[in-house]
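Coordinate inspection notes
The chain contents come next:
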Amino acid sequence: MTKAAALLLAGGLALSACASDEEGSSGSGSNGGGEGDLKVGVAYDTGGRGDKSFNDSAIAGVEAAVEALGGDVKEDIQELSPNDDGSDRGELLTQLAENGFNPVIAVGFAYGDIIGDIAADYPETQFAIVDTSVEEMGVDNLTGLIFAEEEGSFLAGVAAASKSATGHIGFVGGQESPLIGKFEAGYKAGAEAVKPGIIVDVKYLSPAGDPSGFGDSEGGKVAAQGMYQAGADIVFHAAGGSGEGVFEAAVEAGQRAIGVDSDQYLSATSPEQQAVIMTSMLKRVDNAVESYITDFSEGDLQGGTDILSDLETGGIDLSTSGGFIDDIQSVIDDWRQQIVDGEVEVPTTP
Amino acid sequence: MTALRRIGTSLAAPALAVVVALVITTLVILAIGQNPMTALQVLLDFGDTPAQQTQAIVVILNRAVPLFLAGLAVSVAFRMGLFNIGVEGQYRMATVVAAGVGAAVVLPAPLHILLIMVVAMAVGAIWAGIVAVLKVTRGVSEVISSIMLNFIALGTASWLLTGPLRGSEEGAAIITTTDIPESGRFPALNGLFDAIGLAQPRGQLFGFLIVAVVVGIVISVLLKRTRFGFDLRATGLSPSAATASGIDARAMVVKTMLISGAVAGLIGLPDLLGRTYHFGTEFTAGLGFLGIAVALLGRNSPLGIAFAALLFAFLDRAAVPLQFADIPASVVTIIQGTIVLSVVIANEIARQVSRRRAEHGTGQASAPAPDDGATGTGPAGTRIDARQEAGA
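Fair warning: this is a prediction, and the values are worked out from it, not measured in the lab.

On to the overall build of chain B, then. Helix and strand content of chain B: 17 helices and 0 strands. Residues counted as buried form 53% of the 392 residues belonging to chain B. Total accessible area on chain B stands at roughly 15900 Å², and carbon and sulfur atoms take up 69% of it.

Glancing now at the packing of helix α2 (residues 36-44) of chain B against helix α14 (residues 302-317) of chain B. All names here are of chain B. Running from N to C, α2 and α14 point in directions that differ by 115°, and their axes come no closer than 8 Å. Judged by the angle between their axes, α2 and α14 are roughly perpendicular. The chirality of how α2 crosses α14 is right-handed. Residue-level inspection shows Val42, Leu43 and Leu44 of α2 in contact with α14, the latter providing Phe314, Leu315 and Arg317. Of the residues belonging to the contact of α2 with α14, the class tally is 5 nonpolar, no polar and 1 charged.

A few words now on the side chain of B:Arg92. On the secondary structure map, B:Arg92 appears in helix α4 (residues 87-104). No salt bridge is formed by the buried B:Arg92; the nearest opposite charge belongs to B:Glu88, separated by 4.6 Å.

All names here are of chain A. Residues Glu312, Asp334, Asp341 and Glu343 make up a contiguous surface patch of negative charge. Tracing the backbone shows Glu343 in the segment after α12 (329-340). Judged by its relative accessible area of 57%, Glu343 falls in the exposed class.

Looking now at the domain arrangement of chain A. Residues and elements named next belong to chain A. Each domain of chain A was delimited in the assignment, giving domain 1 (24-147 + 286-309) and domain 2 (149-282 + 320-340). Inter-centroid distance (C-alpha atoms) of domain 1 to domain 2 is 30 Å. Domain 1 puts 5 residues into the contact, and the matching count from domain 2 is 6 residues. Both sides together, the interface formed by domain 1 and domain 2 hides about 490 Å², and carbon and sulfur atoms give 50% of it. Scanning the region where domain 1 abuts domain 2 turns up 0 salt bridges. Looking at side-chain class alone, the side of domain 1 that touches domain 2 contains 2 nonpolar, 1 polar and 2 charged residues.

Before going further, it helps to spend a moment on the packing of aromatic side chains. What describes a pair of aromatic rings is the distance from one ring centre to the other and the angle between the planes of the rings. Scanning the entire structure with this criterion turns up 11 aromatic pairs over all chains. Seen in terms of ring centroids, A:Phe101 and B:Phe324 are 6.2 Å apart; in terms of plane orientation they differ by 35°. Their pairing is tilted. Of the two residues, A:Phe101 is situated in the loop between α3 (89-98) and β3 (104-106) and B:Phe324 in helix α15 (residues 319-324); the pairing between them involves two chains. Each member of the pair, A:Phe101 as well as B:Phe324, carries the same accessibility label: buried. One aromatic cluster in this structure is built from A:Phe171, A:Tyr187, A:Tyr204 and A:Phe236. Across the ring face of A:Tyr111, the terminal group of A:Arg89 is positioned such that the distance to the ring centre comes to 5.9 Å.

Residues and elements named next belong to chain B. Look at helix α9 (residues 227-237) against helix α11 (residues 249-264): their axes get within 10 Å of each other, and the N-to-C directions meet at 110°. Classified by the angle their axes make, α9 and α11 are roughly perpendicular. Facing α9, whose interface residues are Phe228, Asp231, Leu232 and Thr235, α11 presents Ala249, Met252, Lys255, Thr256 and Ile259. Residue classes in the contact of α9 with α11 are distributed as 5 nonpolar, 2 polar and 2 charged.

Residues and elements named next belong to chain A. In terms of burial, strand β8 (residues 234-238) is largely enclosed, as 5 of its 5 residues are buried. Where burial is concerned, the two faces of β8 agree: the one with Ile234, Phe236 and Ala238 and the one with Val235 and His237 are both buried. Taken together, the 3 bridges between β8 and strand β9 (residues 256-261) define a ladder with parallel strand orientation. Residue pairing in the sheet places Ile234 in a bridge with Arg256 of β9. Traced from β8 through helix α8 (residues 243-253) to β9, the parallel crossover comes out right-handed.

Here we take up unusual backbone geometry. Trans peptide bonds make up most of the peptide bonds, and negative phi angles are found at most residues other than glycine. Residue A:Pro103 is bonded to the preceding A:Asn102 through a cis peptide linkage, with omega at 5°. Relative to the assigned elements, A:Pro103 resides in the loop between α3 and β3. Positive phi, normally seen in glycine, also occurs at B:Asn300, with a value near 65°. Positionally, B:Asn300 belongs in the loop between α13 (287-297) and α14. Since its relative accessible area comes to 1%, B:Asn300 is described here as buried. Despite not being glycine, B:Asp326 has its phi angle at roughly 65°, a positive value.

Moving on to the pattern of salt bridges. Residues and elements named next belong to chain A. Tallied over the full model, the rule gives 23 salt bridges over all chains. Note that Glu79 is salt-bridged to Arg49, the shortest N-O span being 2.9 Å. Of the two residues, Glu79 is situated in strand β2 (residues 77-80) and Arg49 in the loop between β1 (40-43) and α2 (54-68); the sequence distance between them amounts to 30 residues. Relative accessible area serves as the criterion here: at 25%, Arg49 is assigned to the partly exposed category. One salt bridge connects Lys188 with Glu184, and the closest N-O pair in it is separated by 2.8 Å. Residue Lys188 and its partner Glu184 are located together in helix α6 (residues 178-194), separated by 4 residues, close to a single helical turn. The class of Lys188 is partly exposed, set by a relative accessible area of 30%. In the salt-bridge network here, residues are joined through shared partners; they are Asp131, Glu149, Lys182 and Lys283.

In this section: the sheet that holds β2(A). Within a sheet, neighbouring strands are paired by backbone hydrogen bonds and run either parallel or antiparallel to one another. Residues and elements named next belong to chain A. With respect to topology, 6 strands assemble into an open sheet ordered β2-β1-β3-β4-β5-β11, the strand pairing being parallel. Of all the strands in the sheet, just β2 and β11 (306-309) have a single pairing partner and so form its edges. Across the sheet, the mean angle from the axis of one strand to that of its neighbour is 20°, orientation sign disregarded. In terms of strand pairing, strand β4 (residues 127-130) meets strand β5 (residues 142-147) through 4 bridges, oriented parallel. Among the inter-strand pairings, Ala128 is bridged to a residue of β5, identified as Thr143.

Taken residue by residue, a regular strand's side chains alternate between the two faces of the sheet. Residues and elements named next belong to chain A. Of all the 7 residues making up strand β10 (residues 277-283), 7 are buried; the element is thus mostly covered by neighbouring parts of the structure. The pairing of β9 with β10 spans 5 bridges and is classified as parallel. Counted as the bridge partner of Ala257 is Ile277 from β10. Inspection of the sheet shows β10 paired to strand β12 (residues 316-318) by 3 bridges, in the antiparallel sense. Residue pairing across strands places Met281 opposite Leu318, the latter belonging to β12.

Calculation notes
- Residues numbered from 1 in each chain as written.
- Chains lettered and ligands numbered in written order.
- Predicted model: local features only at pLDDT ≥ 70, side-chain atom pairs only at ≥ 80, totals over all residues.
- Heavy atoms only, no water.
- Helix = DSSP H or I, 4+ residues; strand = E, 2+ residues; numbered from the N terminus.
- Buried < 20%, exposed > 50% of the residue type's maximum accessible area, 1.4 Å probe, protein only.
- Areas by Shrake-Rupley, 256 points an atom, 1.4 Å probe, with all protein chains shown as cover.
- Axes fitted to C-alpha atoms, helices over the stretch in contact; angles between N-to-C directions.
- Parallel < 35°, antiparallel > 145°, perpendicular 65-115°, else oblique.
- Left-handed = near helix turned anticlockwise from the far one by under 90°.
- Contact = heavy atoms within 4.5 Å.
- Nonpolar A, V, L, I, M, F, W, Y, C, P; charged D, E, K, R; others polar.
- Lys, Arg positive; Asp, Glu negative; His and termini not counted.
- Salt bridge = Lys/Arg side-chain N within 4 Å of Asp/Glu carboxyl O.
- Patch = residues over 30% accessible without salt bridge, like charges linked within 9 Å, V, L, I, M, F, W, Y side chains within 5 Å.
- Charge placed at Lys NZ, Arg CZ, Asp CG, Glu CD.
- Domains from an automatic or database assignment.
- Buried area = accessible area lost by both parts, 1.4 Å probe.
- Phe/Tyr/Trp six-rings, centres within 6.5 Å; stacked < 30°, edge-to-face > 60°.
- Lys NZ or Arg CZ within 6 Å of the ring centre and 35° of its normal.
- Pairing = 2+ DSSP bridges.
- Right-handed = clockwise from strand over helix to strand, strands pointing away.

Structure below.
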């Protein structure tokens, strides 16, 4: 019995090895960083390239920038993925810097507690980190690319509350964390602003410290099913790959869902899913990364500061693909303007 | 002669396993259209400058230390036929509590570190003790209860981290405990490189390496040279026979799990005391499960586990340079997985070969009786090792 379990485990190990990060890294192994040459190093979040979300969005931005600046996408970009437990994140950044890549872009807040020290060790290299504020770190060659997720989520809440027939909506978060808390806070505030007293079901798929909630499609489906059965008719997810399950549940329940990060209406896997994705809260990591690299090559980087993407800059937005929210566009635009003007203060913690 | 043959058999299995794993990996690399020789080169290339080479050694050793402790924790239970899958939860609970206690007190350096270690071992032992108590009082399979306790540990650790032990400020993207003060940090071993005339690496070598070596020796002596160790191995081989000869099997389950849990409690400390100085949402997870693979590969002997941990760490180090050479880092995971799988299979084959030899051979009187072939309660390797030592 125990031996069978051991074999099973070992087999699982080998299998998961095959399944995990099939990233097609590109770039040269030789030392880059010649005069004037743009050599961009990208360190992914766990999951690596091909996650149809965060990492893919970041690399799309890098490739767009390198292309626009006349570089070679294959030769001038080096992508690295951390190992499954993320224990070698520091090595990724240092080796990119040591091999002459500049700038080095860390995708994801998981790099937040090490990137400050590493950037300080390589003052000649410019570093950027997505989703982490760096202003208190006091490192001149480090830029934070941060987003006002709560503002976009507020608009998602406005859309959901305006469209809800039952006065009952839901939110599925990936991992319990301050980052996803911003989505929840904004969404609830937006819904409450339009329809005071609206019921908002909230469910997180994994506790703090356990990132499994971003890749748990089944868990996302069960959570959303529960909400639809309880009477919710629109569910917003901020759960990465688990969102797939939320959409499935929406299709089965004949209700609607709201996507996140990219325009998920466009990337939906089936027409049935397209029909239920009412809108998506856009977080344009690609645009932020692209303009960062452009600034870098033009020598316009400030360093030591954060670059904020929000509704005002367009780095945060609500998608309109499918035309499901065209009839309430004026309401949304009205709230958008109030947020941009500072008349509405959106909370960042639930 | 017998001794030689025995050594030959015990080395043949792992060697065969590594060869099989290399063949499979070569095929995989060919299948994705890359050159296997490049991969091999990357595996063996530690860098151009002396500092880069010592850095590679530091990376390997720093990775091997927690893997070794994890393998050791799993193996202690394995030896008795207990499958402690709960090492993952045990070290997670231990690390979060130790981080909290370590940050809350200020003591002179050696005492501070000692306190953190004792707390970690105690928490790990208690968490594993729950499994033991459930097993001896209610007959709950340790496999089931330890898996379930992993989930509870994950949730509890998360609650401790976000609640009472939270040290990072509100709104920070990574939630952590408060940093352990200077006196609770384990000094690095970088002086060693100067002492033996090597270049200084850019990183720090975990001082916890020394603790790991000491724990390895203690466990080794405990298992091989004490009455307790004999009882443990005997119970692992045949619980009923052990009971008949006067060993209290229930007490043995509790003691073994406590030791296994105490060692598990140390797994997170190299990182905690040598690098991060806090527990947090990004603290390295999964070492408990890797420990099962390392213990299998090391055939449950402390020395074997040390080699297995070094091998895993050696392969892990290549994950980054492989990507520079356009080869996916998952190649490393594939090698590790196939090695473990092959070791399990090779052990089985080696045992059958030695059994046949015994059945047909002559002059076997002085040799240890070969296995009777019945599948034991322990994982592959346990029986052979224990039997050989019992016979020796």
